[in-house]
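Here are the chains, one letter per residue:
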Amino acid sequence: MKVLRDTGCVSKKILDGVKVLSEGADSFPFKVNLEVSDISKKAKVAIQEAGGQVTKVYYNKLGMRALMKPHAILKKEHFIPRPAQPPPYLRDRFDRLGEIPGAGELSTIYYRRIEKQE
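Below is a short write-up of the structure. Please read all numbers here as calculations on a predicted model, not as lab measurements.

## Here we look at the overall build of the protein
- Broken down by element type, the protein carries five helices and five strands.
- Secondary structure elements in the protein, listed N-terminal to C-terminal, are α-β-β-β-α-β-α-α-β-α.
- Each of the 118 residues in the protein was classed as buried or not, and the buried ones make up 33%.
- At a minimum sequence separation of 6, the contacts of the protein that also span at least 24 residues come to 42%.
- In the structure as shown, the protein presents an accessible area of about 8400 Å², 52% of it carried by carbon and sulfur atoms.

So, in structure tokens, the structure goes:
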């Protein structure tokens, strides 16, 4: 989702994640691998027919903020949060829990920056 935001495919303000809708699904020729919060059935079929993959990933609000702005979370909280479990009534809607890519590397970079400042 961060890559979609950084490349301008979706708006800069992502609150609850990204949902892929089926507009234009009839003429979708691109092979893409997406990690999104939700997707319509028709859009999922179109992406899979083009040879791509779709993974539905769960992030809570803190996890979504950490994904979008990891440096800001490190500065404020001094740690990257672990993935949260979805509520029991939502567990069957997601393929996996969302993770912050490179969380260990971000922590190391942040703490090295702090040590240099001191």
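## Overview of the nonpolar core
- Ranked by internal contacts, the top residues of the largest apolar core, which has 21 residues, are Met 1, Val 36, Ile 39, Tyr 59, Met 64 and Leu 67.
- At four residues, helix α3 (residues 61-68) tops the list of elements feeding residues into this core.
- Setting aside residues up to four positions removed in sequence, Met 1 forms contacts with Ile 14, Gly 17, Val 18, Glu 35, Val 36, Ser 37, Tyr 59, Met 64, Leu 67 and Met 68.

## Remarks on empty space enclosed by the protein
- Going through the model one piece at a time under the given rule, you end up with one cavity of 30 Å³ or more.
- Of the volumes computed, that of the largest cavity is approximately 60 Å³.
- Along the walls of the largest cavity sit Tyr 58, Tyr 59, Asn 60, Gly 63, Pro 81, Arg 82, Pro 83, Ala 84, Gly 98, Glu 99 and Ile 100, which together make up its complete lining.
- Among the residues making up the lining of the largest cavity, the classes are represented as six nonpolar, three polar and two charged.

Rules and cut-offs
- Residues numbered from 1 in each chain as written.
- Predicted model: local features only at pLDDT ≥ 70, side-chain atom pairs only at ≥ 80, totals over all residues.
- Heavy atoms only, no water.
- Helix = DSSP H or I, 4+ residues; strand = E, 2+ residues; numbered from the N terminus.
- Buried < 20%, exposed > 50% of the residue type's maximum accessible area, 1.4 Å probe, protein only.
- Contact = heavy atoms within 4.5 Å.
- Areas by Shrake-Rupley, 256 points an atom, 1.4 Å probe, with all protein chains shown as cover.
- Core = buried A, V, L, I, M, F, W, Y, C linked by side-chain atoms within 4.5 Å.
- 1 Å grid on protein atoms, 1.4 Å probe; cavity = no way out; pocket = protein on both sides within 12 Å on 5 of 7 lines; lining within 4 Å.
- Points joined across faces, edges and corners; volume = space filled by probe spheres on them.
- Nonpolar A, V, L, I, M, F, W, Y, C, P; charged D, E, K, R; others polar.

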